[in-house]
Amino acid sequence: MTHTIDGYAATARHAPRNSVRHGLLAALGIAVIALGGCAETAQQVKVDEDVEYAWPLPPEEPRIRFLRSVSTPADIGAVPERSVLSALLGDEGPPVLEMRKPYGVHADRDGRIFVADTAWGKVLVYDAANKTFDVWGTAGQGALKQPLGVTSDSQGRVYVTDGKQQRIVVYDRDGKYVLAAGREGELGRPAGIVVNEKLGRIYVADVNNHHIAVFDMSGNLVGTIGERGNDPGKFNFPTNLAIDRDGKLYVVDAMNFRVQVLDPRGQPLTVFGQHSDRAGSLARPKGIGVDPDGHIYVVDAAFNNFQIFRSDGALLLFVGGAGRQPGQFYLPAGAYLDQSGRFYVVDQMNRRVQVFQYLGEPDESPAAEAADAEPEDPETAGAEAAEPASP
């Protein structure tokens with residue numbers, strides 16, 4: 001049985017079981033209120049540590065659990081050094097930091113969380129294990145203006161796309177500049193980025209050029225995948241990428257309102273998704289990830305949720321709704337799913353990253369109620385479905 005979960009009613013595992021339709025209407029009301037206060041600073045909700053936030057609700061076995069939310073260095077127990085504060089705030093700035101407009105997120109093998117914040121124009125680095133916070137891309141050859149995508153490799157190198165500078169910047173594990181890729185004319189608006197070390201390739205979603213740019217590990221452009229169109233293997237404003245352990249590429253083909261799965265050489269394997277306000281459809285798709293069992297997670301800024309699909313595109317579960325509680329979102333954006341099944345979602349207008357844990361293989365039988373569920377109206381939820389997607 002497919003579990004369609006209302007993010008508003010299902011924030012706590014012991015919350016009452018309301019109907020999907022009722023819960024989505026409640027979430028819709030929250031979205032309208034939130035849009036009215038768009039200019040206000042996001043207010044973080046204190047999470048009750050005695051409550052387990054998990055989906056779906058009992059008596060179903062939980063498959064997704066909320067772990068934590070990160071917005072400021074204090075959330076990981078870090079106290080930034082004065083030099084770090086000055087890099088963002090200047091010498092006279094107040095010693096308080098929070099995300100402003102996060103877009104991309106990534107976690108490396110050491111568990112450090114990298115957040116590409118377009119308003120700060122920097123990459124914010126949260127190291128919970130060592131309780132440290134850092135800022136990358138402040139000056140020199142590695143200075144950033146509009147970081148969008150971020151990823152890393154097994155050697156600890158970190159790769160960041162910069163939409164304004166139309167380039168990729170590579171840092172070593174300590175944040176020191178290594179190299180840049182993207183000579184004049186090679187990139188239009190680079191966003192999502194992943195690395196295939198077996199093939200020695202860097203894949204970049206080039207939004208405005210409607211293709212995937214492919215670089216070698218030295219930063220040389222070696223080819224492109226696709227062109228503008230709606231046939232399989234063609235794209236219309238591709239924005240975000242994921243890669244699985246076999247090297248398959250997962251592309252958010254944003255203005256075709258679908259996900260395309262490509263083999264490591266760029267040949268199309270699977271296409272799913274359509275533009276609709278029904279569960280299982282896509283209205284404003286953003287971040288994407290693949291869990292250890294091959295399920296595909298797609299964040300949707302219009303629905304304020306993430307949906308989990310089987311590898312053939314059948315909907316298994318959706319989690320979310322408009323709001324500020326755990327498992328609720330306000331225009332979510334980029335996402336990343338690590339090898340341990342931790343799913344990081346940028347909750348953009350709530351100025352935070354929410355972290356979830358995949359708990360195991362769900363029942364993969366699609367059910368009628370998933371198709372009958374009605375996600376929020378994209379326009380009311382702040383989507384601009386008729387306009388080209390722009391990170």
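What counts as what
Residues numbered from 1 in each chain as written. Predicted model: local features only at pLDDT ≥ 70, side-chain atom pairs only at ≥ 80, totals over all residues. Heavy atoms only, no water. Helix = DSSP H or I, 4+ residues; strand = E, 2+ residues; numbered from the N terminus. Pairing = 2+ DSSP bridges. Axes fitted to C-alpha atoms, helices over the stretch in contact; angles between N-to-C directions. Buried < 20%, exposed > 50% of the residue type's maximum accessible area, 1.4 Å probe, protein only. Phe/Tyr/Trp six-rings, centres within 6.5 Å; stacked < 30°, edge-to-face > 60°. Lys NZ or Arg CZ within 6 Å of the ring centre and 35° of its normal. Polar contact = N/O pair within 3.5 Å; in protein donor to acceptor, adjacent residues only side chain to side chain. pLDDT = per-residue confidence, 0-100. Contact = heavy atoms within 4.5 Å.

1. Structural notes on unusual backbone geometry
For step 1, the next point in the chain: Of note, the bond from W55 into P56 is cis; its omega dihedral lies within 30 degrees of zero at -5°.
For step 2, the next point in the chain: Following P58, the chain continues to P59 via a peptide bond in cis, the omega torsion being 10°.
For step 3, the next point in the chain: Following the sequence through the fold, P59 ends up in the loop between β2 (54-55) and β3 (64-70).
For step 4, the next point in the chain: Positive phi outside glycine occurs at N304, with the angle close to 55°.
For step 5, the next point in the chain: Among the secondary structure elements, N304 is positioned in the loop between β21 (296-300) and β22 (305-309).

2. Describing the sheet that holds strand β13 (residues 201-206)
For step 1, the next point in the chain: Read from one edge to the other, the open sheet built from four strands follows the order β12-β13-β14-β15, with strand pairing classed as antiparallel. With one partner strand each, in any of the chains shown, β12 (190-196) and β15 (221-225) form the two edges of the open sheet. Averaged over all pairs of adjacent strands, the angle between strand axes in this sheet comes to 25°, irrespective of strand direction.
For step 2, the next point in the chain: In this structure, β12 lies alongside β13, joined through five bridges in antiparallel fashion. Bridge pairing links V195 to I202 in β13.

3. Things to note about the pairing of strand β20 (residues 285-290)
For step 1, the next point in the chain: Counting buried positions over the six residues of β20 gives six, a clear majority of the element.
For step 2, the next point in the chain: The pairing of β20 with β21 spans four bridges and is classified as antiparallel. In the sheet register, I288 faces β21, and the bridge partner there is V298.
For step 3, the next point in the chain: Counted between consecutive antiparallel strands, the loop separating β20 from β21 contains five residues, among which G294 sits at a positive phi close to 85°.

4. Some remarks on the packing of aromatic side chains
Geometrically, a pair of aromatic rings is defined through the distance of the ring centres and the angle of the planes.
For step 1, the next point in the chain: As enumerated under the stated definition, the model contains 14 aromatic pairs in all.
For step 2, the next point in the chain: Both rings, one in W136 and one in Y171, keep their centres 5.6 Å apart while their planes meet at 50°; by these two values the pair is tilted. Within this pair, whereas W136 is found in strand β7 (residues 132-136), its partner Y171 is found in strand β10 (residues 167-171), the two being separated by 35 residues in sequence.
For step 3, the next point in the chain: Under the relative-accessibility criterion, Y171 is labelled buried at 2%.
For step 4, the next point in the chain: Ring pairs connect the aromatic residues Y53, W55, F66, Y297, F306, F329, F343 and F356, which therefore count as one cluster.
For step 5, the next point in the chain: The ring of W120 is capped by R100, whose NZ or CZ atom sits 3.7 Å from the centre of that ring.

5. Comments concerning the side chain of N350
For step 1, the next point in the chain: Structurally, N350 can be placed in the loop between β25 (342-347) and β26 (352-358).
For step 2, the next point in the chain: Residue class for N350 comes out buried when judged on its relative accessible area of 2%.
For step 3, the next point in the chain: Side chain to side chain, N350 and D347 meet in a polar contact 2.9 Å long.

6. Details of the confidence of the model for the protein chain
For step 1, the next point in the chain: Confidence in the prediction of the protein chain, expressed as mean pLDDT, is 84, and 78% of residues score 70 or more.
For step 2, the next point in the chain: Counting contacts from residues 1-41, a segment whose pLDDT is below 50, to residues more than four positions away or on other chains yields 102 contacts.
For step 3, the next point in the chain: Every residue in residues 375-388 scores below 50 in pLDDT, and together they form 45 contacts with partners more than four places removed in sequence or on other chains.

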